[in-house]
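# What the coordinates show
So the chains spell out like this:
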Amino acid sequence: MRTHDERLETAREILDGLSVGDALGEALSYQHHRARDIADFSMFRPGTVPYTDDTEMALAIFETLTIIRGIDEDAVAWAYSSRYRRTPDRGYGKMARRILDSLCTGSPWREVSMNAFGGGSFGNGAAMRVAPLGGYFADDLNIVPEAAARSARVTHFHPEGIAGAIAVAVATAVAFASRQQSATDACHAIWDAVLDFTPESKVRTRISRARQMLQATSAEVAHEVGNGTEISAWDTVPFCIWSACRNLHDFREAFLSTVEVGGDCDTNCAIVGGIVAGYVGSAEIPEDWIRAREPLQLNR
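In what follows, the accompanying structure is described. Computed from a prediction, not measured in an experiment: that's the story for all the values here.

### A word on the overall build of the protein chain
Within the protein chain, the regular secondary structure consists of 17 helices and zero strands. Taking 19 Å as the expected radius of gyration for a compact globule of 300 residues, we find that the protein chain reaches 17 Å, a close match to that expectation. Taking the principal axes of its C-alpha atoms as reference, the protein chain extends roughly 45 × 45 × 40 Å. Taken across its 300 residues, the protein chain has 61% of its residues classed as buried. Contacts in the protein chain between residues at least 24 apart in sequence constitute 75% of all its contacts with a sequence separation of at least 6. The positive charge centre, built from 29 side chains, and the negative charge centre, built from 40, are 3 Å apart in the protein chain.

### Details of helix α16 (residues 265–280)
For α16, built from 16 residues, the straight-helix expectation of 22 Å at 1.5 Å per residue is met to within 8% by its first-to-last C-alpha distance of 21 Å. When you tally the buried positions in α16, you get 16 out of 16 residues, the bulk of the element.

### Notes on the side chain of Asp 54
In this fold, Asp 54 is placed in helix α3 (residues 53–68). A distance of 2.7 Å separates polar atoms of two side chains, one belonging to Asp 54 and the other to Thr 267. Not counting residues up to four positions away in its chain, the partners in contact with Asp 54 are Leu 18, Asp 22, Met 128, Arg 129, Asp 266, Thr 267 and Ala 270.

### Side note on the pattern of salt bridges
Oppositely charged side chains may form a pair once their charged atoms are brought near each other. Across all of its chains, the model carries 19 salt bridges by this definition. Among the salt bridges present, the one from Arg 12 reaches Asp 16, with a minimum N-O distance of 2.8 Å. Within this pair, Arg 12 and its partner Asp 16 are both found in helix α1 (residues 4–27), separated by four residues, close to a single helical turn. Residue classification places Asp 16 among the buried positions, given a relative accessible area of 10%. Close ionic contact of Arg 179 with Glu 13 constitutes a salt bridge, the shortest N to O distance being 3.3 Å. One end of the pair, Arg 179, is in the loop between α10 (159–177) and α11 (183–197); the other, Glu 13, is in helix α1, with 166 residues separating them in the sequence. Residue Arg 179 is classed as partly exposed on the basis of its relative accessible area, which comes to 25%. Residues joined in a network through salt bridges with shared partners are Glu 56, Glu 63, Arg 83, Arg 90 and Glu 294.

Calculation criteria
Residues numbered from 1 in each chain as written. Predicted model: local features only at pLDDT ≥ 70, side-chain atom pairs only at ≥ 80, totals over all residues. Heavy atoms only, no water. Helix = DSSP H or I, 4+ residues; strand = E, 2+ residues; numbered from the N terminus. Rg over C-alpha atoms; globule rule 2.2 N^0.38 Å. Buried < 20%, exposed > 50% of the residue type's maximum accessible area, 1.4 Å probe, protein only. Contact = heavy atoms within 4.5 Å. Lys, Arg positive; Asp, Glu negative; His and termini not counted. Charge placed at Lys NZ, Arg CZ, Asp CG, Glu CD. Expected span 1.5 Å × (residues − 1). Polar contact = N/O pair within 3.5 Å; in protein donor to acceptor, adjacent residues only side chain to side chain. Salt bridge = Lys/Arg side-chain N within 4 Å of Asp/Glu carboxyl O.

Functional significance is not addressed by these values, which are geometric in nature.
Written out as structure tokens, the structure is:
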């Protein structure tokens, strides 16, 4: 069993992958179709490509893991709202702002989250931030689904939103646990585990469909299962897991083939970046990409 510090080191590597994907995905979002031609981030001054709410909320999860060595809804609700209060201009969606504003004024997270959209949010927000949690608990996969569900419920009470978070957390955990295996074997393990642990849902149904498209192109898969345009968990997570597995050994290609299909570019690339970093480590993220990304505001 790994120590707390070893687990945090893994979570930190994955946070690098998530945040680079997020920041650079957002930077290219309006020219995603030209990503391969313009993705030269060496021209940017260091630290000038800002990250979005995807990373800000992932930092809250990392902060919670650092302090309590686990995930508790009350603790993570405090972390989400605390970071939001300090830096609210990270591109949060309208409902996310409404939820976090309520948390900041002391409203109970369960009441606020359950009432969002009249039954809880099924958006991709819980999935976009969860990868560091998967890395932290990677040596005990049975813990991952419930920990991911706790991290999700505070803002995404709908079963689909929770399913998306579970799928991404499990994929990241297995990616890290499979580092000593070939990328092909690791991908088989990821697909198997994600389908085993993700509860019955639209998310799982589309993940199953994506697995059947291993020989398809990114554009074909995005057309079939979604690319995040709808901002829902089921419209986002299946393609992201497919894209991460397609290029699990190559962070650069994983990013480019994800961003070029468009959709919710920053969130898609955050999810894919976290999963792939789980397998290859932060050393395989292009140095100029990390250098361009805004420095992470870590409270540790």
